[in-house]
Amino acid sequence: MTHSDRVQSLIDDLEAEAERDRPAEDTPEIGIIMGSDSDLDVMAGSKEGRPGAYDVLTEKLGFAEQTSYEDPPEARFTFETFVVSAHRTPDLMYAYAATAADRGLDVIIAGAGGKSADLPNMTASIAYPLPVIGVPVQEKSLQSVIGMPQGAPLVAVDAGKSFNAALSAVQMLARQHDQLHDRLVDYHNDLQDGVGEVSRDLHELGTPGFRGE
């Protein structure tokens, strides 16, 4: 199979990076991949809709997006983002998954849409035993993403909820990093405070007052 120059360049970069020996601090802990850039609003988060993995990682948990191994962000914890199509660029998908651990990744979040949402499943099979969290981009993708056979594990979240996938990824990392454990606890405490504040306002203002009627 011949590849376009751009796809082959990506494969070459991934394979070359896997051969290098970089400190863990300079490599991303989380990889986020999706089958198409049309999935970006689900996988990263939409300004008009539901927040996603990018939002919770950068705004709530202190991660930075790494776009260059040669010039990594100052943040201790980082993630990378790629478009990797299981059907249009299978060799790129294979290279990404096969080199993931050697490139320093600890967990992959993989999202795909359509009825044949194979990217999370195939990535999990190739990257094993590296954990992969699948995100069905659409409701119709759910059965495809969760339909792995016994012995081929894949963790999955509900359709469209890359936000939860990112939280789960950081929970895995927090077993080894106290900083991330503390950030997750702080995030959860903020959620509880928000519920408490709303509950008190509703009780004290009454339903019409709370609604601003």
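Up top is the structure.
Residues numbered from 1 in each chain as written. Predicted model: local features only at pLDDT ≥ 70, side-chain atom pairs only at ≥ 80, totals over all residues. Heavy atoms only, no water.

**Here we look at the side chain of Ser141**
Which entries qualify depends on this criterion: Numbering of helices and strands runs from the N terminus; a helix is a DSSP stretch of H or I covering at least four residues, while a strand is a stretch of E covering at least two. Whether two residues touch is decided by their heavy atoms; if any such pair falls within 4.5 Å, the residues are in contact.
Turning to its location among the elements, Ser141 is positioned in the loop between strand S5 (132-136) and helix H6 (142-146). Ignoring sequence-local partners within four residues, the contact set of Ser141 consists of Ala112, Gly113, Gly114, Ala117 and Pro136.

**Section: a negative patch on the surface**
The test is simple: Without a salt bridge and with relative accessible area above 30%, a residue can belong to a patch; like charges are then joined within 9 Å and nonpolar side chains (Val, Leu, Ile, Met, Phe, Trp, Tyr) within 5 Å. Areas reported as accessible are Shrake-Rupley estimates using a 1.4 Å probe. Residue values count occlusion only from the protein chains shown. Salt bridges are identified by distance alone: a Lys or Arg side-chain nitrogen within 4 Å of an Asp or Glu carboxyl oxygen. Two residue types count as positive, namely Lys and Arg, and two as negative, namely Asp and Glu; His and chain ends fall outside the count. Charge coordinates come from a single atom per side chain, which is NZ of Lys, CZ of Arg, CG of Asp or CD of Glu.
A cluster of acidic residues, Asp178, Asp182, Asp186, Asp190, Asp193, Glu197 and Asp201, forms a negative patch on the protein surface. Looking at where Asp201 falls in the secondary structure, it is placed in helix H8 (residues 178-211).

**Digging into unusual backbone geometry**
In terms of backbone geometry, most residues other than glycine have negative phi values and most peptide bonds are trans. In the segment running from Tyr128 into Pro129, the intervening peptide bond is cis, with an omega of 10°. Inspection of the secondary structure puts Pro129 in the loop between helix H5 (119-127) and S5.

**What to know about H5**
Selection rule: Here the term buried applies to any residue with accessible area under 20% of the maximum for its type, exposed to any over 50%, and partly exposed to those in between, with areas from a 1.4 Å probe on protein chains only.
Leu119, Pro120, Asn121, Thr123, Ala124 and Ala127 are the residues of H5 that are buried. Contact partners of the buried residues in H5: strand S1 (30-34), helix H4 (90-99), strand S4 (107-112), S5 and H6.

**Observations regarding the packing of helix H1 (residues 5-19) against H4**
Our working definition: Orientation is described by lines fitted to C-alpha atoms, with helices fitted over the stretch in contact, and by angles between N-to-C directions that extend from 0 to 180 degrees. In these notes the angle categories are as follows: under 35 degrees is roughly parallel, over 145 is roughly antiparallel, 65 to 115 is roughly perpendicular, and the rest is oblique. Here is the rule for handedness: rotate from the far helix to the near one, and if that takes an anticlockwise turn smaller than a right angle the crossing is left-handed, while a clockwise turn gives right-handed. Ten residues, namely Ala, Val, Leu, Ile, Met, Phe, Trp, Tyr, Cys and Pro, are considered nonpolar, four, namely Asp, Glu, Lys and Arg, are considered charged, and the remaining ones, Gly among them, are considered polar.
As a packed pair, H1 and H4 sit with axes 9 Å apart at the nearest point and diverge in direction by 15°. Considering the angle they form, H1 stands roughly parallel to H4. The interaxial crossing formed by H1 with H4 has left-handed handedness. Taken together, the residues of H4 that come into contact with H1 (itself represented by Val7, Leu10, Ile11, Leu14, Glu15 and Ala18) are Asp91, Leu92, Ala95, Tyr96 and Thr99. Of the residues contributing to the contact of H1 with H4, the split by class is eight nonpolar, one polar and two charged.

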